[in-house]
Amino acid sequence: MGDATRTPDCREVARVLDRHLRTDTFPLGIRVFRGDEPLPERVRRPWRDMGIKIAICQGIGMARRYGWPWPWAPRT
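These lines cover the structure that appears in this document, whether it is placed above or below. The structure presented is a predicted model; accordingly, all values stated were derived computationally and were not measured. (Residues numbered from 1 in each chain as written. Predicted model: local features only at pLDDT ≥ 70, side-chain atom pairs only at ≥ 80, totals over all residues. Heavy atoms only, no water.)

## Here's the deal with the overall build of the protein
Now for step 1: The number of helices and strands found in the protein is three helices and zero strands.
Now for step 2: Shown N-terminal to C-terminal, the secondary structure of the protein runs as helices and strands in the order α-α-α.
Now for step 3: For the protein, whose C-alpha radius of gyration is 18 Å, the value lies well above the compact-globule estimate of 11 Å for 76 residues.
Now for step 4: Along the three orthogonal principal directions, the C-alpha set of the protein runs to about 55 × 30 × 20 Å.
Now for step 5: Across the 76 residues that make up the protein, the buried fraction comes to 9%.
Now for step 6: Across the protein, every contact between residues at least 6 apart in sequence was considered, and the portion connecting residues at least 24 apart equals 49%.
Now for step 7: Total accessible area on the protein is roughly 7,300 Å²; 55% of this is exposed by carbon and sulfur atoms.
Now for step 8: Averaged over its 15 positive side-chain charges, the protein has a centre that lies 6 Å from the centre of its 9 negative ones. (Helix = DSSP H or I, 4+ residues; strand = E, 2+ residues; numbered from the N terminus. Rg over C-alpha atoms; globule rule 2.2 N^0.38 Å. Buried < 20%, exposed > 50% of the residue type's maximum accessible area, 1.4 Å probe, protein only. Contact = heavy atoms within 4.5 Å. Areas by Shrake-Rupley, 256 points an atom, 1.4 Å probe, with all protein chains shown as cover. Lys, Arg positive; Asp, Glu negative; His and termini not counted. Charge placed at Lys NZ, Arg CZ, Asp CG, Glu CD.)

## Digging into the pattern of salt bridges
Now for step 1: The full count for this structure, using the stated rule, is three salt bridges.
Now for step 2: Here R15 and E12 are joined by a salt bridge, their closest N and O atoms 2.6 Å apart. Of this pair, R15 and E12 both sit in helix α1 (residues 10-21), three residues apart, which is roughly one turn of that helix.
Now for step 3: Residue R15 is classed as partly exposed on the basis of its relative accessible area of 42%.
Now for step 4: The salt bridge partner of E37 is R31, with a shortest N-O separation of 2.8 Å.
Now for step 5: Overall, R31 belongs to the exposed group, its relative accessible area being 55%. (Salt bridge = Lys/Arg side-chain N within 4 Å of Asp/Glu carboxyl O.)

## Side note on the packing of aromatic side chains
Now for step 1: Under the defined criterion, the tally for this structure stands at two aromatic pairs.
Now for step 2: Over the face of the ring belonging to W68 we find R44, whose NZ or CZ atom lies 4.0 Å from the ring centre.
Now for step 3: The ring of W47 has K53 lying over it, and the distance from NZ or CZ to the ring centre is 5.5 Å. (Phe/Tyr/Trp six-rings, centres within 6.5 Å; stacked < 30°, edge-to-face > 60°. Lys NZ or Arg CZ within 6 Å of the ring centre and 35° of its normal.)

## Details of helix α3 (residues 56-66)
Now for step 1: Regarding α3, the residues found buried are G59, M62 and A63. Projected down its long axis, α3 carries its buried residues within an arc of 100°, all on one side. Exposed residues on α3 whose side chains face more than 90 degrees from its buried face are C57 and R65.
Now for step 2: As for α3, its buried residues are in contact with α2 (46-50).
Now for step 3: Directly after α3, the chain includes G67, whose backbone phi takes a positive value near 75°. (Arc of directions from axis to C-beta.)

The following block contains the structure:
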């Protein structure tokens, strides 16, 4: 009964998931910023930094594959 109530260790959970799922990329976290809140320095902006326009799905794929943070905003 003691093992059933034990809080799982994050490293152990990650190891088990990696062993069974063998994903090519890491999970993605999303943070929502307020309009007046500054973005972190390391955020890449596709048009400004690379001269390309990308779809949201492409940006999510790049964020997952390379670990790059991307901002999205509605066009005004």
